[in-house]
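# Examination of the molecular architecture
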Amino acid sequence: MGYVDKNMMEGEVLYASGRLHWIIFSKAIAFSAAAAVLLLFALALHMGENQDTAQGTFTLGFISLLPAIWYGIEALIRRQSTELAVTSKRVIAKFGFIRRSTIEINHSKVESFHVDQSVLGRMLGFGTLNINGTGGGITPIPNITDPLGFRRRAIEAIDDSQKRSSA
């Protein structure tokens, strides 16, 4: 049971949830690829009787695995500890595992949503969703999967809640 589930108000319904895109694993992927190239090169050198260079290249490849593991674990924890949700009453974003940061904006306090996507973000389906609240507060949610879809579902939820409150 996550943060959103634990903190739902009575009568509140979950409309949509979001998650961080796999692009947050890019550093881990880059270091893993570098380590794989170095280790394969070390293997080729070892087969070619160049033992000293093979040993140095193997050591460098193995050392390259350490940041790959570090960045992989960091991204996994960040992805698993981030919750994004649109409910019938609020837009909720929760970040952090040990140190928690939450953003909860009532529908009546949301002025607009802005989506920023780079060319790579458009091709791979991720971007930054900026939520503008009343009073000038801007809340960025970076690296969200399908930010346009999340924005659409949030706007639909806000429209539905406004229709219910005016009826």
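In this text, all values refer to a predicted model and were calculated from it rather than measured experimentally.

Next up on the list: the environment of Gly 133. For Gly 133, the position within the fold is in strand β6 (residues 126-133). Note on Gly 133: relative accessible area 9%, which makes it buried. Put simply, Gly 133 and Ser 108 are 25 residues apart on the chain and 9.0 Å apart in space, counted from C-alpha to C-alpha. Setting aside residues up to four positions removed in sequence, Gly 133 forms contacts with Lys 109, Val 110 and Glu 111.

Moving on: helix α2 (residues 26-47). Over its 22 residues, α2 extends 32 Å from the first C-alpha to the last, a length consistent with the 32 Å expected when each residue adds 1.5 Å. Among all positions in α2, only Ala 28, Ala 35, Ala 42 and Leu 45 are buried. Down the axis of α2, the buried set is contained in an arc of 120 degrees. They therefore lie on one face. When the buried face of α2 is taken as reference, the exposed residues oriented beyond 90 degrees from it are Val 37, Leu 40 and Met 47. Against α3 (51-80) lie the buried residues of α2. Backbone geometry just downstream of α2 places Glu 49 in the positive-phi region, at approximately 70 degrees.

What follows deals with the sheet that holds strand β4 (residues 101-106). Within the open sheet, the four strands sit side by side as β1-β2-β3-β4. Their pairing is antiparallel. This sheet does not close on itself; its edge strands, each paired only once, are β1 (14-18) and β4. Adjacent strand axes in the sheet meet at a mean angle of 10 degrees, parallel and antiparallel pairs treated alike.

In this section: the pattern of salt bridges. In total, this model carries three salt bridges according to the counting rule given. Across the salt bridge formed by Glu 12 and Arg 90, the nearest N and O atoms sit 2.9 Å from each other. In this pair, Glu 12 is assigned in the loop between α1 (3-6) and β1 and Arg 90 in strand β3 (residues 90-95), connecting sequence segments 78 residues apart. Its salt-bridge partner being Glu 156, residue Arg 152 comes within 3.5 Å of it at the nearest N-O pair. One end of the pair, Arg 152, and the other, Glu 156, are both in helix α5 (residues 147-166), four residues apart, so they sit about a helical turn from each other.

Let's shift gears to the sheet that holds β6. Ordered by their spatial adjacency, three strands build an open sheet running β5-β6-β7, and the pairing between neighbours is antiparallel. Strands at the two margins of the open sheet, each flanked by one partner only, are β5 (110-116) and β7 (138-145). For this sheet the average axis-to-axis angle between neighbouring strands, irrespective of direction, equals 20 degrees. Bridging between β6 and β7 involves six bridges; their strand directions are antiparallel. Pairing of Leu 129 across the sheet is with Ile 141, part of β7.

Turning to α5, a few remarks are in order. When the terminal C-alpha atoms of α5 are compared, their 28 Å separation across 20 residues agrees well with the 28 Å that a helix rising 1.5 Å per residue should span. For α5, the complete set of buried residues consists of Pro 147, Gly 149, Phe 150, Ala 154, Ala 157, Ile 158 and Ser 161.

Frequently, the measure chosen for interface size is the accessible area removed from exposure when the parts meet. Split by domain assignment, the protein resolves into domain 1 (14-21 + 83-166) and domain 2 (26-76). For domain 1 versus domain 2, the distance between C-alpha centres works out to 39 Å.

Calculation notes
- Residues numbered from 1 in each chain as written.
- Predicted model: local features only at pLDDT ≥ 70, side-chain atom pairs only at ≥ 80, totals over all residues.
- Heavy atoms only, no water.
- Helix = DSSP H or I, 4+ residues; strand = E, 2+ residues; numbered from the N terminus.
- Buried < 20%, exposed > 50% of the residue type's maximum accessible area, 1.4 Å probe, protein only.
- Contact = heavy atoms within 4.5 Å.
- Expected span 1.5 Å × (residues − 1).
- Arc of directions from axis to C-beta.
- Pairing = 2+ DSSP bridges.
- Axes fitted to C-alpha atoms, helices over the stretch in contact; angles between N-to-C directions.
- Salt bridge = Lys/Arg side-chain N within 4 Å of Asp/Glu carboxyl O.
- Domains from an automatic or database assignment.

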